[in-house]
Each structure stands twice: as structure tokens, then as C-alpha cells.
Amino acid sequence: MNRLGKKANETLIEMALSADGEECNGPETISTAGSEIPSSSEIDKRHQSKDSIFFRDGVRRIDFVLSYVDDLNKEWEKKLERRKEFESNLQKAGLELETEDKKESEDGKIFFVKIHAPWEVLITYAEVLNIKVPIRENDIPSTVENPLDCVLFPLRLPEKVMHPEPDYFTAPFSKDKQELYLINDESTFFSPSMRNRIVNYILTRCPYGTEEGKKKFGIKRLLNNGTYTAAYPLHDCQYWKKASDPNCDSERYTLYMEWARFLRFYKEQPLDLIRKYYGEKIGIYFAWLGFYTEMLFLAAVVGLICFLYGLFTMDENMSSKEICDPSIGGEIIMCPLCDRDCEYWRLNTTCESSQYSHLFDNVATLFFAIFMGIWVTLFLEFWKRRQARLKYEWDLVDFEEEQQQLQLRPEYEAKCTQKKRNPVTQEMEPYLPLTSQAVRFCVSGATVLFWVSLIIASMIAVIVYRLAVYAAFASLMENTQTLQPISGLLTPQLATSVTASCLNFVIIMILNFFYERIAIWITDMEIPRTHMEYENRLTMKMFLFQFVNYYSSCFYVAFFKGKFVGYPGAYTYMFNRWRNEECDPAGCLIELTTQLTIVMAGKQIWGNIQEAIVPWICNWWGRRKARNNPENLYSRWEQDHDLQIFGALGLFYEYLEMVIQFGFITLFVASFPLAPLLALMNNILEIRVDSWKLTTQYRRPVAAKAHSIGVWQEILNGMAILSVVTNAFIVAFTSDMIPRLVYYYAYSENEDSPMSGYINNSLSVFQISDFPERNEPKENPENFVICRYRDYRYPPDHEKKYLHTMQFWHILAAKLAFIIIMEHVVFIVKFFVAWMIPDVPADVKAKIKREKYLTQKILHEYELEKLKERLCQGDKGATEKEFIATEGRMELSRAM
């Protein structure tokens, strides 16, 4: 079966090289940028449906669209020449073009160049891109039905939506073996996503001339210099109704109705249809996001139980009882929290905050921290299994992603003029000199370091804000009568913490806005050699910045605030001016919870606004004029042109958002058991927001292959290990768990109520007369003699006055021992669980072996038949030894 045209055996690069200096007529086209355009009267007579995705002949499918504005500026002639050369080379590559005149566009300014890839081009590049196609229907029985299917039935989607195509055994396409493949219809054999991927491959490598002695090529460069304004594949229909053309599958409509509407939030995702319409790379993202959300359900339930435990045991908490008791907490006079302006205060003024801190600082906190250390391992290991199953089902097992990604970036080839011989291929290829690489890396590293330093500086500024405004809040709340009713709940510490957290969040978002652009600029400046290098470098830069930006304030509250305060009379100061902050008598954990809640919730709310509302407003504004025009004048390519662009980094930002959220629910989860619940609710919304915007508000992305989530897997593994350490330190140093346990087992004197007296034991005594003038309050109306402060130091009448007591060292030793024990226990369990769970399910391994065996068998039988034909025809080249060798190879394959 020979369907190949004259150019079927050549790829684009070969044709471009052979065409230099000679004329080469491409396939016949209806019209091109330089050819005659049909008159408007002719077009009026043959109005197409607004859903049309075909050329004017109604047969050839539009695989890609280019648009440009023919503006008469000083660059006009140069752009025209580029377009003519580029479109001529596209025709030489075998593509067919059809141009829509600007008079037919909605605004009368935009030309549209429609591109169709004929069969000869598709089969040529299907072989180049190693695309797998069906060879036989899958004969492996489906897995045993899940006994819970009847329970989960309400969550299921129709079978036709979940599995839009039959299951086939597949093999890489080869032009010379077309009889092997199940080719029923050439026009539908390659799916639209495969077709636009092939056309995009050609567009990114097609030359368009020489400028300044350098050969220029690629649609990306033409978009950057304004020669074209857009390049995109078409959606197959409008999202709110099916296409009128029976040849159109209306998959966009199906995705919208079954997946992208929020009312379907409880339904499973049609991953096979997503993969078929958008490609494997986007399909893998939604598969990962859905699996992550499913696993969050377990963590959210356990976290909610731990929170309810704290809520129901709040009244039994002895520490808060003593703080709230007028005869205990009401009689304890605390030392001022700032110099000169702050007054002495009674401990029971923090009654409400101490009660609320018990919600998160209780025995369940320890259990939940250990549980999350194991949960994150289960999540990562079970995802590997899910990913392995998808790799098989989506024909990605032998996908040579590294080979695909290792192809040189067009930008690298364009900017690197020097060449050297590749030691493997022995071919000359461009390279970047070592000196140039070193200079670029130095500039890049210095830029990243500067921005990270800027984050640290902004965090220090927020700390200074905390220190500077605390006295103002304390004075305001004391002197303002309207705030008296809520003074117990809204303490100066809490007011300072909340306002500082909000300020910190605003700074985070501002820095993010600028750094995203800087990171892309410096990565482009480095000129990475391959697409994989580019993505990995940008990912590491962005993640490093986001990690420091989002988590630095939480690390400060968790591990630094209240740890380096000193004691009355010998306080430590920042920059020798601002006194370091102290923790609330009930601990710093409640402040960490406040910080985490504001930053995490604020980021999620702001992210959803950016992702959903902003594109919708932009599209509404851009299409407001089109609503006044007749429906049949607003064509499919114009509708998609007016949508937002889902750029090459679109998925990168989605992954980054989720990985930052993953850090919040793992690194600091010991301080906020409700974090997984917040993440779960956000992700349920996130899936539908992402699907809605992708289906309704963005142009159709170019399909791309990917067999995993890439470098994000390693980042998640690193964060999983770090989370064990951070949660161990939070339980040990931020919560009051260890001091309470040490008091319970070693220092309690009341057998009937072991925790009674803990508050008095945890507060040291300071003699007010020992205050230096810098620290002493301006007023002492009640003539207090002593005040208390949170520490374990000897009293003023002891020979070791104000030095740490032995209990302090016992608690410190217990904290360090706890960290070592918890880390080792969790790590041992983590690694044991990871060892116990195989990365690839057994049934998937069997299916992979079966498919490989059948593929080899079919190919060998095909070769044997061809050899028999040659022998029958008397082909001298086909010897009997060759025939025997082929049969022997088949027998060996069966044995293997």
C-alpha cells in the first residue's frame, strides 16, 4: 500500500537544505499570502458554518492557523518578505495553505493562513516523531471488577466519555509497513492532536531566510518579531453546543459538559478524552492533580479528627485553665513586652488565645505529624504506580522522551554560530563556548542571589514592622474603649501577627510578579541547549525563589521567633534598636497557624482569581464587538484567535502552584491539621477551574507528549524528606509538647493532677529593681516588685541569679532526643513502605510484556511474508539463509 507522494521520503530539514538556490513547487493550494484572494462576493456565496474546521472545499481539515496584521509601517516590506519565504518553505515541506483576506475578518485587519497537513506529510513526520499507532485490538481481558463499583457508580462518567477509543496494541509508525496498521480512513487515522503536533514540529523548524549572515527559522521567532501575531490549532467546536458538521467529534463540547463544569466536581475525570484532545502532557497533569486530590481526602479526614480532638478537649486543658483562673493567671504579673512604653500585664488577659492554641497544640499534633510523614510516602509511591499504568494505557512505555527533549532548541541553533563535531553522531552541530557559558551562568547566579537576598530583606522588614508596631497596638488597645470588649480575643500579639502576615502576603505577591519575568529572561539568556535543560533550569530557579518567598516567614515564626529573646534586663536587640519578639505564654504555635492560614488561603484565593476571572474578563472585553455581528461571519479561527494564549509555560505555573501548596500541607502541617482540608477544598475547585479555563477561555494548546511529571517528582521527594525534619522541629521547639511532658514525668508534685502548676513552673521571676533604664516601663502605678517571663532561669535571690536552671537543660535534651527518635522512626517507616510498594503493578508488567511480544511477532511475520514474496518472484537477493534466519528470529522471540 503505497500512499507516498514525491516528497514523502524527505523531512523538512532535508528539503530546506536541498531547496537552497533552486525552485521547488509545493503541493497545490487554494491561495497563499502572495496569491490571488477570492472576492468577497464569492466568499459570501459559500458561507461556512461558524463551527467549520475545514478548508473551503469542506474536505481538508485545518490543522493549524497563522494570523498576521498587514500594517504599513517601516518593517512592512521586511515582514512581507519573511512571510512569503516562510510560507513558500512550508509548501515545499508538503503543507497546504489557504488564506482568508482581512476583509473577511471581524475587525477588517487580520489575515488568517489556514494550514492542512496531507497524508504524505503526516506519515513522514509520524515516523520522525516515533508516533505509535494501532496494529491490533487488545486481547488481554480487562481487570477484575471492583466490588465497590456499585457504591462508586454516582462518581462514574459514561463509558463512551471515559474511553472514547477502543484499546489497541500499538507500534511505532513506519512508512514502509503501512499494511500492518489498522488504517480504515486516512483522514481520521491520525487524531487532531497528533496532526497539530506534527504541524507544530514543522513550523518550529521551517526556515524563512537569512538576516545579518545568520540563517533564521521557526515560528516562535516570527511571532516575537511581529511577522505573525498568532499561531494555534483550532478547537473542534464551540464549547456550549455540538458542531453542526457530522464529521466533527465535538470533543470540546463533551469535555465542557462532563468535565469543565463545577457541578460535576464529584465526578471522575475523563483522562483518556483529555489526553486525546489536549495531548499526554496536559493529560498527565490532570491525572496527577486528580490523584493528589484523592489522596488529600484521607489526610483531610485525619486532620479534621485531630482538630476535633483539640476542640472537644479544650475545657480539659490544665494550662489554659490556670491561665484563665483569676486566682492563678490573674495574680501573675508579666514583664512588659516592649521597652519603656509597654506596661506590666496580667497573665489571664491571654485566656482566649491560650484556649485556642490548644486546638492545634495537643497530643494529636504529634500523631498527625507522624501520620503525614507516612502519608506523603504513600502518596508518592502510589502515584508512581498510577503513572506506570497511564504510561502503558497511553502508549508511553517506550516513549523516548529524552531523545525528543534532547533535540536542540531552535533558539540555541539560531544564537550559537560556532560549531563542533558531535563525538557520537560525528556531525557538526552548534555549541556555546565555555567562556560564554561561564559569563552567562555568573550573571544568572548573581541575579538569582540578588532576588533571594531581596526576599530575605523584605522578611527582615516585616520583622522590624512587627517589633515597631507592637507597642502602638498595645497602647491603642489599652486606651480605646471600643476595643475593650474584644481585648481578650484580639491581643496586641495577635493583632501584630495578623497585620504582619497580611503585609507579608502582599510583598510575596509583588515579588512573585517581578521575579517570574526575571527568571524567564535569565533562563533565555543562558541559552539552554535542549528543551529539557530549559524546563529544568527555569523550574529550579522559580522553585528556589518561591520556596524562599512563601516559606521564609513561616520558618521565622516556627524556628526563630521567641528563641533568641534574652531575659528582662538583658534583652537581645535587632540592629541594636528593636527588641526581639517574644512568644505568647501559651506558645508560638498559634502564631505559626495564623501565618500559615493567611499565606496559604490568600495564595489559593488570589490564584483562582488570576486563573478564572482575569481570562474571562479579557475574553469578554476582546469579543464585545463580535457579539453584534451575524453568527455566520464570526468564523472558528476568529473565535479561537480572540481567546487567551495557553503558553509553553502554562503547565509549569500549574505545577508550581500545586507544589507550593504541597509544601504548606507537609512542611508545617504539625501546626495546622486543617491545612489538608483547605487544600482539598481548593483542589476540588482547582480541577474545575483549570478545566473550565482550558476548555472555554484559552486557545487549544499544541499537543505534547510526556510520560511523567518530570523534575517535579524529584522536588516532591525532596520536600517529603524535608517535611519530616521540619515537623519534628515544630513539635519539639515551637509547640509546648516537650516541656509539658518533661514537667509531667519529672517535675510534677501533684499525683492527682500532674499538670497543675505547670504554668507557674514555666515562668521565671524577675526583680523589677534590676531593670536597666532602657527597659524599665515609664509607669508602675501598682508598685509591682517582681514580674514573670517565659523561660527557665533561677530567681533573683539565687546564687546563680538569672542563669538557666537544670530543667532548661533537661527540656533541651528531651527536645533533641525527640527529634532524633521521630526522624528515625518516620524515615524507617517511609523507606519500608517505599520498598514494600512496587513502582509498577504486576498486571501492567504482564500487559507490557504481552504487547511487546505480539508487536515483535506481527513485525516478524510481516517480514517473513515479504521475504516469501521475494523468493516466489525469484529475487536473487532473498537467499534461503536469510529466510531461515528470519524464522529463527521469530522462534527466539517466542522463547523469550
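Residues numbered from 1 in each chain as written. Predicted model: local features only at pLDDT ≥ 70, side-chain atom pairs only at ≥ 80, totals over all residues. Heavy atoms only, no water.

J.: Would you take a moment to explain the overall build of the chain for this structure?
T.: From N to C terminus, the chain includes 30 helices and 18 strands. Scored against the burial criterion, the 896 residues of the chain give a buried share of 52%. Counted over contacts in the chain with a minimum sequence separation of 6, partners at least 24 positions apart contribute 78%. Carbon and sulfur atoms provide 59% of the accessible area of the chain, an area that totals close to 42,300 Å². (Helix = DSSP H or I, 4+ residues; strand = E, 2+ residues; numbered from the N terminus. Buried < 20%, exposed > 50% of the residue type's maximum accessible area, 1.4 Å probe, protein only. Contact = heavy atoms within 4.5 Å. Areas by Shrake-Rupley, 256 points an atom, 1.4 Å probe, with all protein chains shown as cover.)

J.: How do you make sense of unusual backbone geometry when you look at a structure like this?
T.: For residues besides glycine, phi is generally negative; the peptide bonds are generally trans as well. Despite not being glycine, S250 shows a phi value in the positive range, around 55°. Positionally, S250 belongs in the loop between β8 (230-232) and α10 (251-260). Judged by relative accessible area, S250 falls into the buried class, the value being 3%.

J.: Whenever I open this one, the pattern of salt bridges confuses me. Can you help?
T.: Working definition: two side chains of opposite charge can pair if their charged atoms are close together. Under the defined criterion, the tally for this structure stands at 31 salt bridges. One salt bridge in this structure joins E381 and K384, with 3.4 Å as the shortest N-O distance. In this pair, E381 and K384 are both assigned in helix α15 (residues 363-393), three residues apart and thus about one turn of the helix distant. Judged by its relative accessible area of 24%, K384 is partly exposed. Residues R389 and D843 are paired through a salt bridge, measuring 2.9 Å at the closest nitrogen-oxygen approach. Of this pair, R389 sits in helix α15 while D843 is found in helix α29 (residues 842-872), placing the two residues 454 residues apart along the sequence. Overall, the relative accessible area of 23% leaves R389 in the partly exposed class. Looking at D843, the relative accessible area reads 26%, which means it is partly exposed. (Salt bridge = Lys/Arg side-chain N within 4 Å of Asp/Glu carboxyl O.)

J.: I'm lost on the sheet that holds β8 in this one. Help?
T.: Either a parallel or an antiparallel arrangement is found when strands of a sheet pair, and the pairing is made through backbone hydrogen bonds. One open sheet holds the four strands; their spatial order is β2-β3-β1-β8, and the pairing between them is antiparallel. Each of the sheet's edge strands pairs with one partner strand only, and the pair in question is β2 (96-100) and β8. Each adjacent strand pair in this sheet contributes to an overall mean axis angle of 20°, direction not counted. Summarising the sheet, strand β1 (residues 64-69) and β8 pair through three bridges and their orientation is antiparallel. Within the sheet, the bridge partner assigned to S67 lies in β8 and is A230. Of the strands in this sheet, β1, β2 and β3 (110-116) touch helix α3 (residues 76-92), which is tilted by about 165° from β1. The sheet strands contacting helix α8 (residues 192-203) are β1 and β3, and the helix crosses β1 at an angle near 45°. (Pairing = 2+ DSSP bridges. Axes fitted to C-alpha atoms, helices over the stretch in contact; angles between N-to-C directions.)

J.: Looking at this structure, I do not really get the nonpolar core. What am I missing?
T.: Nonpolar side chains tend toward joint burial in soluble globular proteins. The biggest cluster of nonpolar side chains holds 136 residues, and the ones touching the most others in it are W288, Y292, W375, F379 and F664. When residues no more than four places from it in sequence are discounted, the contact partners of Y292 are W375, F379, M658, Q661, F662, I665 and N683. Of all hydrophobic cores here, the second largest spans 46 residues; its members include V113, Y125, F169 and Y862. (Core = buried A, V, L, I, M, F, W, Y, C linked by side-chain atoms within 4.5 Å.)

J.: Looking at this structure, how should I read the packing of aromatic side chains?
T.: For any pair of aromatic rings, the description rests on two quantities: the centre-to-centre distance and the angle between the ring planes. A full pass over the atoms with the stated rule returns 59 aromatic pairs. Ring geometry for Y285 and Y655: centres 5.1 Å apart, planes at 85°, overall edge-to-face. With a gap of 370 residues between them, Y285 in helix α12 (residues 280-312) and Y655 in helix α23 (residues 650-667) connect regions that are remote in the sequence. Taking relative accessible area as the criterion, Y655 reaches 7% and is therefore assigned buried. (Phe/Tyr/Trp six-rings, centres within 6.5 Å; stacked < 30°, edge-to-face > 60°.)

J.: What am I meant to see in the environment of A260 here?
T.: The residue A260 is located in helix α10 in this model. What makes A260 buried here is its relative accessible area of 3%. Spatially, the C-alpha atoms of A260 and W692 are 4.5 Å apart, while their sequence positions differ by 432 residues. Once you skip the residues sitting within four places of it in the chain, A260 turns out to touch L255, R688, S691, W692 and T695.

J.: So what exactly am I meant to see when it comes to the packing of α10 against helix α11 (residues 271-278) here?
T.: Each pair of packed helices can be described by the angle between their axes along with the distance between the axes. One can describe the packing of α10 onto α11 by two numbers: an axis separation of 11 Å at closest approach and a directional angle of 145°. Regarding α10 and α11, the two cross each other, and that crossing is left-handed. Between α10 and α11, the contacting residues are E251, R252, T254, L255 and W259 on the first element and L273, I274, K276, Y277 and Y278 on the second. Residue composition of the contact of α10 with α11, by class: six nonpolar, one polar and three charged. (Left-handed = near helix turned anticlockwise from the far one by under 90°. Nonpolar A, V, L, I, M, F, W, Y, C, P; charged D, E, K, R; others polar.)

J.: How should the state of the cysteines be read in this particular structure?
T.: A disulfide bridge is the covalent bond that connects two cysteines by way of their sulfur atoms. A full pass over the atoms with the stated rule returns three disulfides. Here C324 connects covalently by a disulfide to C351, the sulfurs 1.8 Å from one another. Residues C324 and C351 share a disulfide whose torsion about the S-S bond is about 100°; that sign makes it right-handed. In this pair, C324 sits in helix α13 (residues 318-324) while C351 sits in helix α14 (residues 351-357), placing the two residues 27 residues apart along the sequence. The disulfide bridge from C335 ends at C787, spanning 1.9 Å between sulfur atoms. (Disulfide = S-S within 2.5 Å.)

J.: How do you make sense of α15 when you look at a structure like this?
T.: In this model α15 runs 45 Å from its N-terminal to its C-terminal C-alpha over 31 residues, within 8% of the 45 Å that 1.5 Å per residue would give. Its side-chain oxygen placed 2.9 Å from the backbone nitrogen of A364, N362 serves as the N-cap of α15. The positive-phi residue at the C-terminal boundary of α15 is D395, with phi of around 60°. (Expected span 1.5 Å × (residues − 1). Polar contact = N/O pair within 3.5 Å; in protein donor to acceptor, adjacent residues only side chain to side chain.)

J.: Can you walk me through a negative patch on the surface in this structure?
T.: A surface patch of like charges, here negative, comprises E179, E861, E865 and E869. Relative to the elements of secondary structure, E861 occurs in helix α29. Relative accessible area serves as the criterion here: at 31%, E861 is assigned to the partly exposed category. (Patch = residues over 30% accessible without salt bridge, like charges linked within 9 Å, V, L, I, M, F, W, Y side chains within 5 Å. Lys, Arg positive; Asp, Glu negative; His and termini not counted. Charge placed at Lys NZ, Arg CZ, Asp CG, Glu CD.)

J.: How should the confidence of the model for the chain be read in this particular structure?
T.: Atom-level detail of predicted coordinates should not be read off regions where pLDDT is low. Predicted confidence across the chain gives a mean pLDDT of 82, with 85% of residues reaching 70 or more. Below a pLDDT of 50 lies the segment residues 1-47, which in the model reaches 82 contacts outside its immediate sequence neighbourhood of four places, other chains included. (pLDDT = per-residue confidence, 0-100.)

J.: Would you mind going over helix α19 (residues 492-526) with me for this structure?
T.: Since the α-helix packs 3.6 residues into each turn, any two residues three or four apart lie on the same face. With 35 residues, α19 should reach 51 Å at 1.5 Å per residue; the first-to-last C-alpha distance of 49 Å fits that figure. In α19, a bend of some 25° at Y515 exceeds every other bend along the element. Two residues or fewer past α19, I527 is found with a positive phi of approximately 50°. (Bend = angle between axes of the 7 residues up to and from the residue.)

J.: Teacher, can you tell me more about the packing of α12 against helix α24 (residues 675-697) here?
T.: The interhelical angle for the contact between α12 and α24, taken along N-to-C directions, is 155°, at an axis separation of 7 Å. Between α12 and α24, the angle is such that the two are roughly antiparallel. The two elements α12 and α24 meet at a crossing, and its hand is left-handed. Contacts from I282, Y285, F286, L289, G290, Y292, T293, L296, F297, A299, A300 and L304 of α12 reach α24 at P676, L677, A679, L680, N683, I684, E686, I687, D690, S691 and L694. Taken together, the residues of the contact of α12 with α24 sort by class into 17 nonpolar, four polar and two charged. (Parallel < 35°, antiparallel > 145°, perpendicular 65-115°, else oblique.)

J.: Would you take a moment to explain the environment of C618 for this structure?
T.: Along the chain, the position of C618 falls in helix α21 (residues 589-622). According to the relative accessible area criterion, C618 is partly exposed, its value standing at 35%. Taking the C-alpha atoms as reference points, C618 and D642, separated by 24 residues in sequence, lie 9.3 Å from one another.

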